[in-house]
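# Coordinate analysis (summary)
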Amino acid sequence: TPATMRIRNDRSAPFLRVLAWFNRKFANPVVRLVAGRLPPLAIIRHRGRRTGRAFATPVLAFGTADGLVVGVLYGDVSDWVRNVRVAGGAQVKRGGVLRDYRHLRLVSRDEGLQLVPVLLRGPFRALGVRYFLELTAMSPHDPPG
C-alpha cells in the first residue's frame, strides 16, 4: 500500500482515515477555491514536520475573543494538527485576511463546543468531533515565530 494510503488507527478520529485521504486528494482542492474568503471556511498554512514543505489545509474556523477555534474533524493525529502543534503556530486566512496565530491549545470537545456558535454545537456532536484547536492571534507587539 502506498504511504499516502496508509490508514492510522486513531480512536480520536471520528471519521474514517480513508475519508480524510479522499478529502485531501479530491475535496480540499475544490474547497480551497472559496476557503479563506468565505467564513467559517478558512485556510491554515503550515509546514511539514519532516519535509518542511508548505501546506494549505481548509478548515472550519470560528472567531473567539482572542483568536480562533478550529474543529479537529479527523482526530489529533491529522498531519495539519501535528504540524501546527510542533511549529507552535500557523498562519490562517479567514475572511480574506491572513493572520499569524500562536499559543495553540488542543481542547476537549466540551470546552471546544463552548467556543463555537450555538447552532453548530449539535452538528459537531453528531459528527463525533472530540477535539478543537484553539489559536491565539498574535498582537503586533509579539515577536515572530
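## Focus: the pairing of strand E5 (residues 97–108)
The pairing of strand E4 (residues 89–94) with E5 spans six bridges and is antiparallel. Bridge pairing links Arg94 to Val97 in E5. Between E4 and the antiparallel strand that follows it, E5, lie two residues; Gly95 among them carries a positive phi value of about 60 degrees. Bridge analysis of E5 against strand E6 (residues 131–137) gives six bridges, and the strand direction is antiparallel. Bridge pairing links Arg102 to Thr136 in E6.

## Notes on helix H2 (residues 79–87)
Within the sequence span of H2, burial applies to Trp80, Val81, Asn83 and Val84. Buried residues of H2, seen end-on, are gathered within an arc of 165 degrees and therefore sit on one face of the element. Positive backbone phi, at 80 degrees, marks Gly88, one or two positions downstream of H2.

## Here we look at the pairing of strand E3 (residues 67–72)
The element E3 is extensively covered by neighbouring structure, given that six of its six residues are classed as buried. Both strand E2 (residues 54–63) and E3 contribute to a ladder of three bridges, which runs antiparallel. Across the sheet, residue Phe62 finds its bridge partner in E3, namely Val69. Hairpin connection of E2 to E3: three residues between the antiparallel strands. Examined bridge by bridge, E3 and E6 share six bridges and lie antiparallel to one another. Bridged to Leu68 within E6 is Leu135.

## Some details on the environment of Ala61
Residue placement: Ala61 occurs in strand E2. On the basis of relative accessible area, Ala61 is assigned to the buried category, the value being 0%. Beyond its immediate stretch of four places on either side in the chain, Ala61 contacts Pro40, Ala42, Leu68, Val69, Val70 and Arg94.

## Concerning the sheet that holds E6
The strands that make up a sheet are held in pairs by hydrogen bonds between backbone atoms, and each pair lies either parallel or antiparallel. Pairing in this closed barrel of six strands is antiparallel, and the strands run E1-E2-E3-E6-E5-E4 around the ring. Averaged over all pairs of adjacent strands, the angle between strand axes in this sheet comes to 45 degrees, irrespective of strand direction. Docked against the sheet, H2 engages strand E1 (41–47), E2, E3, E4, E5 and E6, running at close to 60 degrees with respect to E1.

## Some words on the nonpolar core
In this structure, Ile44, Val59, Trp80, Val92 and Leu135 are the most contacted members of the largest nonpolar core, which totals 16 residues. The set of elements that each furnish at least two residues to this core consists of E1, E2, E3, H2, E4 and E6. If we ignore the near neighbours within four places in the chain, the residues touching Val59 are Pro40, Leu41, Ala42, Ile44, Val70 and Trp80. With eight residues, the next largest nonpolar core counts Phe62, Val69, Leu113 and Val129 among its residues.

Quick notes on the rules
Residues numbered from 1 in each chain as written. Predicted model: local features only at pLDDT ≥ 70, side-chain atom pairs only at ≥ 80, totals over all residues. Heavy atoms only, no water. Pairing = 2+ DSSP bridges. Helix = DSSP H or I, 4+ residues; strand = E, 2+ residues; numbered from the N terminus. Buried < 20%, exposed > 50% of the residue type's maximum accessible area, 1.4 Å probe, protein only. Arc of directions from axis to C-beta. Contact = heavy atoms within 4.5 Å. Axes fitted to C-alpha atoms, helices over the stretch in contact; angles between N-to-C directions. Core = buried A, V, L, I, M, F, W, Y, C linked by side-chain atoms within 4.5 Å.

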